[in-house]
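The residues making up each chain are set out below.
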Amino acid sequence: MSDSSSQKLNRRALLLGAVLLVGGAAALTRFVRKPGAGSAAGPGLTGAQFALLEQVCEVIIPTTDTAGAIVAGVPVFIRQMIEEWSSAESRAELIGVLETAEKQAWSRFGAAFIELAPERRFDVINDLDAQRLASQDPAYRKFKHLVLLGYYQSEVGATHELRFELVPGAWRSCVPLSEIGRASAV
Amino acid sequence: MDFDAIVVGSGISGGWVAKELCERGLKTLVIERGHHVNHRTDYMDFSAPWDVPHRGMVPEAEEAEHYAVQSTCHAFNSATKQWWVRDSEHPYSTPADRPYRWIRGYHLGGRSITWGRQTYRMSDYDFGANLKDGNGIDWPIRYADLSPWYDRVERFAGISGANEGLEQLPDGQFLPPMALNCVENEFKKRIEEEFPTRRITVGRCAHLTEPTAEHIALGRGPCQLRSTCERGCGYGAYFSSLSATLPAAEKTGNLTVITDAIVERLDYDHAKRRVSGVRVIDTNTRQGRSYQARVVFVCASTIGTAQILLASQSEYFPTGLANSSDTVGRYLMDHLVGIGAGGTHPGFQDRYYYGRRPTGFYLPRYINLTESADVDFLRGYGFQGYSGRSSWERGGYQAGVGADLKQRLRYPGPWGMQLIGFGEMLPRADNRVTLHSSRKDRWGLPLVHIDCTHGENERRLAERANRDAVQMLVAAGFENVMPAAEVKPPGHSVHEMGTARMGRDPSTSVLNARNQAHDVQNLFITDGSCMSSCGTVNPSLTYMALSARAANYAADRLASGEM
């Protein structure tokens, strides 16, 4: 065993001891990376991939009279999911969607996706969306679900774009939609 | 003696036994194998969606490596992860081609934190079913024996619901019901017209709609319609051991709780026909300890209880404590699920609802009761169901991006409805929990081996339940109606029952009519293992009633010196 790995183990043992004193299992999960999670964490996105991700997300959920995907933190969320949540297979699938968008930008318009005018970015993603959902492509469905999850379960997406009350406090079983206004985020 | 009574397990059954015994003045020790949980402060119920780790999704590799079985439960997510065991650390075995889903959590309060909170009384159709068709053995009790105990536990737990006057779903002591929504009311009207003996009522559930003084005194408040119940509820609005029974027991001054202590075995004194000690392994120190009491209740959950009895071998009980009948571990049942149907409703586009109601509706059993023509199976099924409008998730599988997508998802989508069947499973001796012959867990205890399958009756029942569900949705004007995809493996409904069944005859059952072991006079078992048949309704309310009844019986016997 090398010095550095034994030091890590000692630190871990100390940390575990401290955690047992202060708070048990809940505290533990905050500090100690689980073996499974450790093996799941892949490398992050490159700067170029993240820039592409930002623009793809913004096409799917653009800024209108309410915030779009970037302001709502969707690209940051997806990057986090790729780094912390995805299996190696999911990571490859999600990055594959970005790569496909980039390829189609080049093949159709001869330029990188982020260099395209907004209407051309829309054309690329709109066509990709139509094709991949028609063929029920699991990789694209996963990607789109994460974009929507990232947006509609963000604070701005849930409470400004849709409706969300942490504590509704009442059940009204049958009311005119016009009184409620928008869809419930949860 | 260390204590008057020992209760193994702190879930729904153990919590009830502890409360009743403590209130009868008995010094009671509750032994929980899992860790301590602080009511309120250990819950994630005040986390908004954007504050929940990974928006509720558990990392894929972690899930695959550690939660392969537990993650199949609908209530498993990143905000409830602490309530499930890691399968990697708590293995069990099954035959390779016969999966069984043993879904569970090891912590104070057990599955009373994550349970579905649906609460229905069993009826005499259920208690008489085994006698009528000859499968299993006759229950040693009938509805009249349990009815006053259902009253008692419903009042204390706080059950919201509506009385319907149905023989197969007895009325109870209910707090005000929650209301059906517009589409559910329409469905109720259409179904009750079309099928005169089918009835739809709002789901009876262990939620405080109007807390009583007794509930408030325990620090419990009214339901806030959040529907984050499986994370734990800081309002104490739904019944759990942590919100209700253990605090009530604590108030008496008679309760001692120890956590992190796995019961290894029960020692037996043959001369006195009594459990003489409860041996535990401290999971922190790995040291063994033993506790003594005048009476011992095992409420370790259906499979856990069987495991403890089977492991408690002695000269007089070579195959396990209280097992002279060779029925310990046998007759494992679980409600048949993965049956039913779903569809969408084209109407009511201008109607919606406010709040997140934590229950649905219930369509109690009719098959083989009021409708038995062309039925080629025994017993029956009931349906739980709900209707709601779809939200942003539909954008994930419908084509469209950009401003149009955003505008479309701003408003709710069509109404959908799910009918979720719960079918009765026959008790069969071959459906069985045993101890593995060689593999042991990290504590050196033999692994549980579960061998359980559905039979021909279950297959026929599932087929008919799907057909009925589709027919009802179509009859009520639903579109895009699809039957449930596949019957789930046994264990999936988390209603496991039957491994130490009650019966009249000591040669064919483990427990008598008071949940007392035929073979061992100071041993009682009141969790799901006592069930002689599984009926069609969610079983927890019945465990509560049986637990309260058995605890008071034991207290009576101790007081009179008869035990």
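Scroll up to find the structure this text is about.
Conventions adopted
Residues numbered from 1 in each chain as written. Chains lettered and ligands numbered in written order. Predicted model: local features only at pLDDT ≥ 70, side-chain atom pairs only at ≥ 80, totals over all residues. Axes fitted to C-alpha atoms, helices over the stretch in contact; angles between N-to-C directions. Helix = DSSP H or I, 4+ residues; strand = E, 2+ residues; numbered from the N terminus. Parallel < 35°, antiparallel > 145°, perpendicular 65-115°, else oblique. Left-handed = near helix turned anticlockwise from the far one by under 90°. Contact = placed C-beta atoms within 7 Å. Nonpolar A, V, L, I, M, F, W, Y, C, P; charged D, E, K, R; others polar. Core = buried A, V, L, I, M, F, W, Y, C linked by C-beta atoms within 7 Å. Buried ≥ 20, exposed ≤ 12 C-beta atoms within 10 Å, placed from the backbone. Pairing = 2+ DSSP bridges. Arc of directions from axis to C-beta. Expected span 1.5 Å × (residues − 1).

**Q** Summarise the packing of helix 4 (residues 47–60) of chain A against helix 5 (residues 74–85) of chain A; cite the residues concerned and give the values.
**A** When two helices pack together, their arrangement is given by the angle between their axes and by how far apart the axes lie. Residues and elements named next belong to chain A. Running from N to C, helix 4 and helix 5 cross one another at 125°; their axes reach a closest spacing of 9 Å. When the interaxial angle is binned, helix 4 and helix 5 end up oblique. Helix-helix and strand crossings are classified by hand; for helix 4 and helix 5 the assignment is right-handed. On helix 5, the residues touching F50, L53, E54 and C57 of helix 4 are V74, P75, I78 and R79. Of the residues that constitute the contact of helix 4 with helix 5, the class distribution is six nonpolar, no polar and two charged.

**Q** How would you sum up the interface of chain A and chain B? Please name residues and give values.
**A** Taken together, the contact pairs 55 residues of chain A with 46 residues of chain B. Along the lines of polarity and charge, the residues of the side of chain A that touches chain B split into 32 nonpolar, 14 polar and nine charged.

**Q** Quick one: what's the story with the nonpolar core, residue by residue and with numbers?
**A** All names here are of chain B. Core analysis: the biggest nonpolar cluster contains 151 residues, and I6, V8 and V296 have the highest contact counts within it. Ranked by residue count, the leading element in this core is helix 12 (residues 540–559), at ten residues. Those residues in contact with I6, other than ones at most four positions away along the chain, are L29, I31, V278, Y291, A293 and V296.

**Q** Can you lay out the sheet that holds strand 6 (residues 274–282) of chain B for me, pointing to particular residues and giving the numbers?
**A** All names here are of chain B. One open sheet accounts for three strands, arranged 5-6-7; its pairing is antiparallel. The sheet is open, and its two edges are formed by strand 5 (261–269) and strand 7 (288–291), each paired on a single side. Mean inter-strand twist for the sheet, computed between neighbouring axes without regard to direction, equals 25°. As paired strands, strand 6 and strand 7 are joined by four bridges and run antiparallel to one another. Opposite I281, over in strand 7, you have G288 as the bridge partner.

**Q** Account for helix 5 of chain A, naming residues and giving values.
**A** Residues of helix 5 of chain A that are buried: V74(A), P75(A), F77(A), I78(A), M81(A), I82(A) and W85(A). Take helix 5 of chain A and look down its axis: the buried residues cluster within an arc of 160°, on one side only. The inward-facing, buried residues of helix 5 of chain A abut helix 4, helix 6 (88–109) and helix 8 (138–152) of chain A together with helix 2 (60–66) of chain B.

**Q** Can you tell me about helix 12 of chain B, naming the residues and giving the values?
**A** Residues and elements named next belong to chain B. For helix 12, spanning 20 residues, the distance from its first C-alpha to its last is 28 Å, which sits close to the expected 28 Å at 1.5 Å a residue. Where burial is concerned, most of helix 12 is hidden: 14 out of the 20 residues are buried. Positive phi appears at G561, one or two residues downstream of helix 12, with a value of about 75°.

**Q** Break down the environment of R439(B) for me, with residues and values.
**A** Residues and elements named next belong to chain B. On the secondary structure map, R439 appears in strand 14 (residues 432–440). Since 13 C-beta atoms lie within 10 Å of it, R439 is described here as partly exposed. Along the primary structure R439 and V7 are separated by 432 residues, whereas in three dimensions their C-alpha atoms are 28 Å apart. Apart from residues lying up to four places away in sequence, R439 is in contact with S93 and L447.

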